[in-house]
Amino acid sequence: MDSEKSSEWQSDVLNRLQSKYGSLYRRDNVILSGTHTHSGPAGYFQYTVFVIASEGFSNRTFQHMVTGILKSIDIAHTNMKPGKIFINKGNVDGVQINRSPYSYLQNPQSERARYSSNTDKEMVVLKMVDLNGDDLGLISWFAIHPVSMNNSNHLVNSDNVGYASYLLEQEKNKGYLPGQGPFVAAFASSNLGDVSPNILGPRCINTGESCDNANSTCPIGGSNMCIAKGPGQDMFDSTQIIGRAMYQRAKELYASASQEVTGPLASAHQWVDMTNVTVWLNSTHTAKTCKPALGYSFAAGTIDGVGGLNFTQGKTEGDPFWDTIRDQILGKPSEEIKECHKPKPILLHTGELSKPHPWHPDIVDVQIITLGSLAITAIPGEFTTMSGRRLREAVQAEFASHGVQNMTVVISGLCNVYTHYITTYEEYQAQRYEAASTIYGPHTLSAYIQLFRNLAKAIATDTVANLSRGPEPPFFQQLILPLIPNIVDRAPIGRTFGDVLQPAKPEYRVGEVAEVIFVGANPKNSAQNETHQTFLTVEKYEATSTSWQIVCNDASWETRFYWHKGLLGLSNATVEWHIPDTAQPGIYRIRYFGHNRKQDILKPAVILSFEGTSPAFEVVTT
């Protein structure tokens, strides 16, 4: 399940922006785009499919996310200054493969022949500087799935695009800790639906042979054994290799950017009922989009993370066993929805399920923001490579037909609301994972192309004011409560929160791992009480100033924070510092910052902050 996406964030964020800034920030000129990681906290989505996947709705996670988004906008607003924007483009090689090449091959030969690759290799970089030419930040768009970290990972992190951002910001913000400093490097999602960073390709983990076939299955063990690996020794290493390549290319493109972006700013936004769009296939024939449904191959997962229930990609037939289970629990899908989605065999008829709330969105955002000759199309999901190419071309042609030539169109993926994947009509016929997850049926892409052409036309002809707002999305109250209860934290007898249970060794060399175990408390408590900005620090003693200087925090790549839950509210927190080659020799300590939930009889629960400090240890160079 992808992490960064939601529609109610958007309405909550926009409502709060309105109460603070009036009409300055609106639904038409604010895009919330998830940079996307599969290693983030869950439980902040309102549609039932996602709520089930995250074991309930977590209001504290939701509120924490909204507050964070608003804080970032506030900081940006406060630091606004006149400046210039430059654009540059260039290919990034050796970091992606198409994870559904058999779907891609369904597209017409004449169309495929126009492209040298089955993934989009081009990165688009916007460079922002102030009027003195000093660096402010960049946005880069590139099509890659942040799944270098596989589904065995339990750490919260930002994957390969996050690592690219981290490297660039660390370089530009000298002397600042990660997440701090003035320079912002955003690595945004594009048409990444069928694009994997696990470039060694799919292999059978039991035999080592390739399973790059139409169903991604292995002779022994089926689809569960077919997994793609990245270029590194392990997932951490792969994340760094792929992330570093993106960072390197973005840095080059940033440094050499010379084409200035000038011209007016415009934006257009509409809400659309995606379950009921009439699509003009040609001048005489129409088709319709469908109520949402997920196909059988959705449950198979992908070569980046298999589903686990022995479902297979590329299934165009249902299975009586699973159909019966579905019918018993959820009721039967209607003939209408089955017919509409063909050749997709329906596993979950989400568009016909509304208890306790709708399982999937009906109302979806479509939005374009233009900046001079740049058009940013905000896509509410994950376009495959060819879907993105078709949309970019159609939007560019629409602008051109109204006299606006040579627009650069970028696909900004995972915007405003999440609607899974969008394949081409031809790819849909193969029913691999991405097609099974194209929830509005075979004509979904054509519907989006039609809608975005309409927005482009409105901007090009200056008739945005005449666009209908469309039907407003619902906002649900009383979402499914978390299935994991908030229990009171407890410390072992004779101990308090933050006490050191296992200190670090007295001495380490660079390249080794310093580890400290503390008496812990549930890290989720820290979303409710923000006394501390980090879960951990590594600090170095400076003799000259007789003070401890923070060297890294929980956002630093060389630190890891593990929480181990015990029984009856007891837990431990383990902090690891993977000492980098760049570490200076000297005296260090590790600190842990947490919050515990306390509840006295007949009183409401309170969240209390605490901290723990390890005994000092020494780092020596080899």
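A quick note: this is a predicted structure, and the numbers were derived from the prediction, not measured. (Residues numbered from 1 in each chain as written. Predicted model: local features only at pLDDT ≥ 70, side-chain atom pairs only at ≥ 80, totals over all residues. Heavy atoms only, no water.)

### Some thoughts on the domain arrangement of the chain
Stage number 1. Each assigned domain of the chain is listed here: domain 1 (9-274 + 360-466) and domain 2 (499-620).
Stage number 2. Here the C-alpha centre of domain 2 lies 34 Å away from the C-alpha centre of domain 1.
Stage number 3. Between domain 1 and domain 2, the residue contacts involve 13 residues of the former and 19 residues of the latter.
Stage number 4. Summing the contributions of domain 1 and of domain 2, the shared interface buries around 1400 Å²; its carbon and sulfur component is 60%.
Stage number 5. Interface area lost by domain 1 to domain 2 is led by R60, L155 and L177, which between them contribute 41%.
Stage number 6. In this assembly, domain 1 and domain 2 are joined by zero salt bridges.
Stage number 7. On inspection of domain 1 and its partner domain 2, the count reaches three residue pairs in polar contact (both at pLDDT 80 or more).
Stage number 8. Within the residue set of the side of domain 1 that touches domain 2, elements represented by two or more residues are α3 (59-78), α6 (159-172) and α7 (235-256).
Stage number 9. For the side of domain 1 that touches domain 2, the element with the highest residue contribution is α3, accounting for four residues. (Domains from an automatic or database assignment. Contact = heavy atoms within 4.5 Å. Buried area = accessible area lost by both parts, 1.4 Å probe. Salt bridge = Lys/Arg side-chain N within 4 Å of Asp/Glu carboxyl O. Polar contact = N/O pair within 3.5 Å; in protein donor to acceptor, adjacent residues only side chain to side chain. Helix = DSSP H or I, 4+ residues; strand = E, 2+ residues; numbered from the N terminus.)

### As for unusual backbone geometry
Stage number 1. Omega for the bond connecting K342 with P343 falls within 30 degrees of zero, at 5 degrees, which places this linkage in the cis form.
Stage number 2. Relative to the helices and strands, P343 is located in the loop between α9 (335-341) and β16 (346-348).
Stage number 3. A cis geometry characterises the amide bond from K355 onward to P356, with omega recorded as -10 degrees.
Stage number 4. For L602, which is not a glycine, the phi torsion comes out positive at approximately 65 degrees.
Stage number 5. For L602, the position within the fold is in the loop between β29 (586-598) and β30 (606-613).
Stage number 6. A relative accessible area of 86% means that L602 is categorised as exposed. (Buried < 20%, exposed > 50% of the residue type's maximum accessible area, 1.4 Å probe, protein only.)

### Comments concerning the packing of α6 against α7
Stage number 1. At their nearest, the axes of α6 and α7 sit 7 Å apart, and the two run at 50 degrees to each other. Judged by the inter-axis angle, α6 sits oblique to α7. Between α6 and α7 the crossing geometry is right-handed. Contacts from D159, N160, V161, Y163, A164, L167, L168, E171 and K172 of α6 reach α7 at T239, Q240, I242, G243, R244, M246, Y247, K251 and Y254.
Stage number 2. Of the residues in the contact of α6 with α7, the class split is nine nonpolar, four polar and five charged. (Axes fitted to C-alpha atoms, helices over the stretch in contact; angles between N-to-C directions. Parallel < 35°, antiparallel > 145°, perpendicular 65-115°, else oblique. Left-handed = near helix turned anticlockwise from the far one by under 90°. Nonpolar A, V, L, I, M, F, W, Y, C, P; charged D, E, K, R; others polar.)

### What to know about the UniProt feature "domain: Neutral/alkaline non-lysosomal ceramidase C-terminal" (unreviewed entry) in the chain
Stage number 1. Mapped onto this structure's residue numbering, the UniProt feature "domain: Neutral/alkaline non-lysosomal ceramidase C-terminal" (unreviewed entry) falls at residues 452-619.
Stage number 2. Across residues 452-619, the secondary structure splits into 5% helix and 39% strand, with the terminal C-alpha atoms separated by 57 Å. (UniProt positions renumbered as here; feature names shortened; annotations may be inferred.)

### Comments concerning the pairing of strand β31 (residues 617-620)
Stage number 1. Two strands pair when backbone bridges link them, and strand β23 (residues 507-509) and β31 are joined in this way by three bridges, in the parallel orientation. Across the sheet, the residue bridging to R509 is V620, located in β31.
Stage number 2. Bridging between β29 and β31 involves three bridges; their strand directions are antiparallel. For G586, the partnering residue across the bridge sits in β31 and is V619. (Pairing = 2+ DSSP bridges.)

### Examining the sheet that holds strand β10 (residues 265-273)
Stage number 1. The strand order across the open sheet formed by four strands is β10-β17-β18-β20, and the pairing between neighbours is mixed. Across the chains shown, the open sheet's two edge strands, defined by having one partner strand only, are β10 and β20 (408-412). Strand-to-strand twist of the sheet, defined as the mean angle between neighbouring strand axes without regard to direction, takes the value 15 degrees.
Stage number 2. Bridge count for strand β17 (residues 363-371) against strand β18 (residues 374-378) is five bridges, and the pairing is antiparallel. The residue bridging I369 from the neighbouring strand is I376, located in β18.
Stage number 3. Here helix α10 (residues 385-401) sits on the sheet in contact with β17, β18 and β20, set at roughly 140 degrees to β20.

### With respect to the pattern of salt bridges
Stage number 1. Under the criterion given, the structure shown has 23 salt bridges.
Stage number 2. Between E111 and R390 there is a salt bridge, and its shortest N-O distance comes to 2.7 Å. Residue E111 is found in helix α5 (residues 109-112), and its partner R390 is found in helix α10; the two are separated by 279 residues along the sequence.
Stage number 3. The closest approach of N and O atoms between R591 and E539, which form a salt bridge, is 3.5 Å. Separated by 52 residues along the polypeptide, R591 in strand β29 and E539 in strand β25 (residues 536-542) bring together distant segments of the chain.
Stage number 4. We classify E539 as buried; its relative accessible area is 3%.
Stage number 5. Residues participating in the shared-partner salt-bridge network are E539, R589, R591 and E611.

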